[in-house]
Amino acid sequence: MDHDKPHATQHAHDHWLVRPTTIRNIWIGSLILLALLVAAEWMVPIKARFSVDDWPAFGAVYGFLSCVAMVLFAKALGWLLKRPDDYYAQPRDKELDDDA
Amino acid sequence: MDNLLAQLPALQVVVPFLTVPLVMLLKPRGFAWLAATATSVVCFAIAIAMTSAILQGAPLTYAMGGWPAPFGIALAVDAFSALLLLVITGASTLTLIGARASIDSQITDARQPLFYAAWLLALTGLSGIVVTADAFNIFVFMEISSLASYVLISGGPDRRALPSVFKYLVMGTIGATFYLIGVGLVYMMTGTLNLADMEARVHEVGDQSPILVAAGFITVGLALKAAVFPLHAWLPNAYTFAPHAVTAFLAACATKVALYVLIRFDFLVFQPNLVGHDTQFAYFLMPLAVLAIVVASAVALFERNLKRLLAYSSVAQIGYIMLGASLVNDAGLTASVVHIFNHALAKGALFLTVMALAMRFGDVSLDQLAGAARRAPWTMAAFVVAALSLIGVPGTAGFISKWYLVMAALDEGWLAIPLIATIAAGSLLAVAYVWRIIECTYFAPADGTEPTGHVPPLVTGVVLIAATANVYFGIFTALPTTLAAEAALALQEALP
Amino acid sequence: MPELFSPALILLAGALLGALLRGSLRTAVLFAAPAATLWAIWQVPDGVATTFTFLEYYQLEPVEGSPLRRLFATVFALMALGGVLYAFRQAKPYELCSALAYAAGAVGVCFAGDLITLFIYWELMALFSTVIVFCGGTPAARAAGIRYAILHLLGGVILKVGIEGIAVHTGSIDLQPMLAHNFDSWMVLIGILINVAAPPFSAWLADSYPESSPTGSVFLSAFTTKTAVLALMLLFPGEQVLIWVGIYMIMYGIIYALLENDARRILAYSVVNQVGFMVCAVGIGTELALNGAAAHAFAHIIYKALLFMSAGVVIYRTGKHLCTDLGGLFRTMPITTVCGIIGALAISSFPLTSGFTTKTLISEAAVSEGLVAVYLVLTAASAGVFLHAGIKFPWFVFFQKDSGLRPKDAPWNMALAMIVFAALCIIIGVFPQTFYEFLPYPLEAYEPYKAGKVLFYLQLLLFSGLAFFVMLPLMKRTLTISLDTDWLWRRLFARVYTYCQRLLETTRQTLMTRLKTWYAVMIRLAQRTYADASKEADVELMPRSQPIATTALWIALLLSGYVLAYYI
């Protein structure tokens with residue numbers, strides 16, 4: 001029955017935070033904020049510590065890229081290291097149980 | 001007073017010995033126990049008096065029948081002997097005070113006078129071994145104590161004790177015989193049985209090979225009596241099926257006395273005389289000690305019967321004592337002697353707890369004891385404290401021995417690392433098997449049946465005293481460490 | 001007079017009394033003990049206050065004060081007080097008493113003037129933290145607890161060996177800075193590193209903390225690792241290897257937390273990550289760095305406790321702890337959500353929170369030492385922290401999706417504790433100068449709120465937030481765990497052990513059957529020789545005397561070995 005209702009009213013029962021309109025607004029607001037942060041560097045100079053970080057918007061770029069790198073690295077490592085939840089809880093051999 | 005003090009070494013043996021026939025005749029219920037306990041208390045007092053005398057001054061000596069050594073039998077009590085005497089008489093006294101109800105439940109009234117008589121005989125024998133300075137006299141007392149302990153162990157209601165005692169008897173006799181053969185060989189070469197005299201005369205012997213063979217026989221024989229790995233096969237079953245009070249007493253002191261003789265004999269007679277003997281002693285006994293610690297603890301991990309678990313733990317602890325002795329340095333010997341004291345405290349307390357638990361729950365297998373902590377909280381608390389002492393947690397007596405052992409091991413150069421690894425492994429395994437017991441008694445759900453036994457408050461009191469002693473001597477270490485340090489010095493005096 | 005006794009003893013007395021009393025009297029004691037300890041801590045003067053002789057020749061110094069020690073002790077006592085407030089209505093009484101005893105160990109270490117006192121309190125901590133792990137109540141908790149106990153005991157033994165070595169070889173047991181250059185000091189360092197959850201021993205933290213009860217993990221997160229950090233600061237400031245250990249811990253924590261599904265295990269990996277910052281700072285060793293380590297430890301204890309508290313409330317109310325099961329809880333748990341977010345912002349060193357005014361000291365120290373690589377890693381790590389703890393934790397637990405759960409918000413005492421700690425996070429963030437007064441070294445001319453720095457961090461953090469939401473499809477939560485170094489002893493050693501055991505068993509069995517057939521042959525021979533009625537008894541006896549036979553064999557071997565060895 002819900003499928004027939006128009007999109008807006010379908011989500012009317014949701015909490016305001018999870019309504020699609022709110023989420024879209026939050027995205028737009030955040031992107032504006034991020035752009036402002038980068039722009040603010042013209043007004044508020046960020047002192048570079050070393051030669052490496054003497055780039056404009058270094059914080060932004062470095063933050064974004066290092067996080068992407070970390071997530072990808074974690075993903076790659078996960079292929080190696082992930083095991084099902086009950087990996088260590090598998091039933092041990094009968095003999096061990098008898099002894100213990 | 002001085003006159004009495006001079007007589008004390010002899011009295012230490014004579015008092016329990018003379019009380020034996022008296023106790024055998026006391027048929028009325030409870031009198032035998034009373035007489036035995038009173039005697040034990042007197043012996044403890046004698047031991048304390050002698051210890052304080054030694055701490056203030058020189059060792060005590062006594063010539064039996066006025067015959068001077070080396071013609072007569074001499075008794076000599078020094079720091080090492082005093083420590084052992086405290087352990088023996090203390091264990092006997094504390095156990096007897098608390099054991100009445102347990103013994104009443106396990107041994108029929110008609111047999112009790114005989115039982116207590118055997119107990120006093122064992123006390124006589126063990127004290128005698130420690131007090132005497134004559135090699136053959138040691139053998140005599142060793143036999144007295146062994147035979148008495150065979151009787152004690154087989155006295156209980158468990159029929160499985162009989163084959164265990166038989167095995168103990170056979171192996172114990174082999175051990176004693178080997179010791180005798182060794183002593184005989186030395187007597188043949190030196191013409192004397194007095195230990196001090198032996199030490200002097202062995203230097204003059206031309207052909208050292210009989211002495212060497214004698215050393216072999218004595219070491220192996222005493223190792224058997226002391227349950228040094230791998231000659232320990234008799235111990236687990238003997239301790240498990242004996243009456244609980246007997247286990248508490250014997251576990252605290254029986255094997256320690258054999259170790260005392262081994263160390264004393266070796267350091268006094270063989271070390272100074274056989275070339276390179278200290279290295280051989282070390283390299284012979286060190287691997288055995290290491291194996292004892294690791295293997296016995298590992299076996300204890302899989303045991304389901306609480307008493308047998310603690311018995312294997314004892315074999316491991318004997319390994320620690322041997323490890324300290326095999327290092328042949330000041331710290332090692334101190335560690336060894338201190339551990340004799342501390343292990344007696346810990347194991348004695350543990351087995352006293354088992355005695356109390358057996359009184360309440362009947363059976364001492366881990367399945368039966370599930371959830372015991374809720375029903376016997378004080379007893380189990382004492383068990384935990386004594387177990388912490390066994391592991392070597394700081395604040396308990398066991399920590400002191402482990403401390404000295406590690407200190408001794410650090411002096412050994414490259415050997416230090418495997419030795420310390422062994423000591424660490426032993427502690428970890430101890431944590432594991434103690435944990436199994438605690439998990440079972442504290443966390444496992446108890447089955448619905450209420451235990452029928454009743455534990456008199458006296459027993460709980462005794463158990464708590466034993467546990468507190470572990471903490472007391474872990475903090476105020478003056479007494480055992482002073483005695484041990486003096487003993488170590490005295491043992492090394494004879495070394496070249 | 002009060003300075004003669006370690007404030008730790010007040011907490012211990014509180015634990016003991018708490019165990020013996022009942023009802024409201026017990027509650028009163030549980031609150032009074034940490035409060036009294038807090039007062040006592042500020043009575044301890046600088047320098048050595050008392051000595052005590054041990055084993056006849058060691059001079060123990062049970063109480064030694066300094067600004068650094070008082071700082072750590074204060075936050076430990078605060079933690080005890082806050083934790084009791086959080087837990088007193090929900091936790092089992094013996095868990096609370098163990099927590100006080102655990103805190104007592106931590107405070108005791110703070111004021112330990114010599115290595116032996118330190119070791120005694122160290123073991124006390126290990127003992128009672130194990131009990132808290134066990135209070136989780138489940139079989140998994142007990143199994144994790146035994147692994148925890150064994151590992152910490154191993155660490156304790158290694159530490160003890162090192163301490164004894166130092167005592168024997170240098171004759172002194174005083175707590176003074178040293179470098180790891182010989183066996184003894186390495187052992188001490190390794191023993192401390194095990195407690196600080198450095199790799200390869202870091203697995204214990206993520207293994208045991210999530211298994212404890214919802215209230216237990218709050219206590220566990222505070223003491224062991226931070227006491228180890230203090231020990232490092234007192235014993236190994238400037239030890240170069242610690243910089244790299246710290247960096248590895250930082251990265252390890254982030255990566256594993258990114259892979260994790262269990263809410264509290266995410267936080268546990270995060271603890272390793274944050275402690276890595278402190279360890280790295282100790283490695284840098286300058287006054288600024290040590291200030292940073294101390295400040296960061298103080299702030300970290302508070303915001304980590306806050307995070308564990310919020311996670312604890314969620315688990316307490318829903319019974320669920322996996323991210324795959326949670327989500328959308330903000331609807332019915334506003335207080336918990338807000339406090340959780342504040343904690344998350346603090347851990348990410350977001351401006352206006354305690355993390356910003358404390359952790360940045362460490363980066364600053366790296367800069368002033370010219371350590372470019374370290375600085376870059378620390379900066380990336382700050383972004384990473386926001387990624388795995390600042391956003392991931394609150395997102396997956398409180399937002400993400402609608403899990404259908406509508407639990408009630410936190411009970412009043414839990415909420416109050418969380419609000420107090422959240423307030424502390426904000427206060428230290430907004431009024432850092434007062435806090436800087438308490439740091440061990442004077443902090444000249446350090447301005448945390450320079451405009452450029454604030455902008456830099458805002459850029460860093462918010463863009464990593466962007467990265468999170470961009471990469472969100474790649475970070476689907478799975479019902480998995482990630483293998484760690486503890487695989488070595490949980491799997492490999494276990495398999496080797498079973499194999500050896502089976503090998504020994506088959507060998508023993510073949511030997512036994514051989515011996516039995518041999519005996520049977522002998523008996524038949526005997527039977528033929530002696531036609532005797534009592535043979536039945538003999539037949540019975542011989543098979544059972546195998547132990548005697550084995551022993552006799554050993555005797556022969558040993559005796560010959562003894563004599564022969566002499567001639568070699």
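Residues numbered from 1 in each chain as written. Chains lettered and ligands numbered in written order. Predicted model: local features only at pLDDT ≥ 70, side-chain atom pairs only at ≥ 80, totals over all residues.

1. Points about the overall build of chain C
Argument step 1. On a plain count of helices and strands, chain C comes out with 21 helices and 3 strands.
Argument step 2. Taking all 568 residues of chain C together, 57% fall into the buried category.
Argument step 3. Summarising the internal contacts of chain C: among those between residues at least 6 apart in sequence, 80% fall at separations of at least 24. (Helix = DSSP H or I, 4+ residues; strand = E, 2+ residues; numbered from the N terminus. Buried ≥ 20, exposed ≤ 12 C-beta atoms within 10 Å, placed from the backbone. Contact = placed C-beta atoms within 7 Å.)

2. Considerations on the interface of chain A and chain C
Argument step 1. The interface is formed by 40 residues belonging to chain A together with 40 residues belonging to chain C.
Argument step 2. Those elements giving two or more residues to the side of chain A that touches chain C turn out to be α2 (20-39), α3 (58-81) and β1 (82-84) of chain A.
Argument step 3. Among the elements that take part in the side of chain A that touches chain C, α3(A) stands out by supplying 16 residues, more than any other.
Argument step 4. For the side of chain A that touches chain C, the class distribution of residues is 27 nonpolar, 5 polar and 8 charged.
Argument step 5. As paired strands, β1(A) and strand β3 (residues 480-482) of chain C are joined by 3 bridges and run antiparallel to one another. Bridge pairing in β3(C) links R83(A) to I481(C). (Nonpolar A, V, L, I, M, F, W, Y, C, P; charged D, E, K, R; others polar. Pairing = 2+ DSSP bridges.)

3. Topic: the pairing of strand β1 (residues 60-63) of chain B
Residues and elements named next belong to chain B.
Argument step 1. Alternating positions in β1 separate cleanly, L60 and Y62 being buried on one face and T61 and A63 remaining unburied on the opposite face.
Argument step 2. The pairing of β1 with strand β2 (residues 74-77) spans 4 bridges and is antiparallel. When the sheet's bridge partners are listed, Y62 is paired in β2 with L75.

4. Quick notes on the interface of chain C and chain B
Accessible area lost on assembly of the parts is the figure often given for the size of an interface.
Argument step 1. The interface of chain C with chain B comprises 30 residues on the first partner and 35 residues on the second.
Argument step 2. For the side of chain C that touches chain B, the secondary-structure elements that each account for two or more residues are α5 (115-134), α6 (139-170) and α21 (546-566) of chain C.
Argument step 3. Among the residues making up the side of chain C that touches chain B, the classes are represented as 21 nonpolar, 3 polar and 6 charged.

5. Regarding the domain arrangement of chain C
Argument step 1. When cut into domains, chain C gives domain 1 (1-235), domain 2 (237-478) and domain 3 (487-566).
Argument step 2. Averaged C-alpha coordinates put domain 1 of chain C and domain 3 of chain C at centres separated by 50 Å. (Domains from an automatic or database assignment.)

6. As for the environment of L159(C)
All names here are of chain C.
Argument step 1. Inspection of the secondary structure assignment puts L159 in helix α6.
Argument step 2. Put simply, L159 and W122 are 37 residues apart on the chain and 9.6 Å apart in space, counted from C-alpha to C-alpha.
Argument step 3. Among residues more than four places away in sequence, those in contact with L159 are F119, W122, V188, G191 and I192.

7. Remarks on the environment of I301(C)
Residue and element names in this part refer to chain C.
Argument step 1. With respect to the element layout, I301 can be found in helix α12 (residues 287-318).
Argument step 2. Overall, the presence of 23 C-beta atoms within 10 Å leaves I301 in the buried class.
Argument step 3. Expressed as a C-alpha distance, the spacing of I301 and L71, which sit 230 residues apart in the sequence, is 12 Å.
Argument step 4. Leaving out residues up to four positions away in the same chain, I301 has contacts with V75, M79, A222 and K226.

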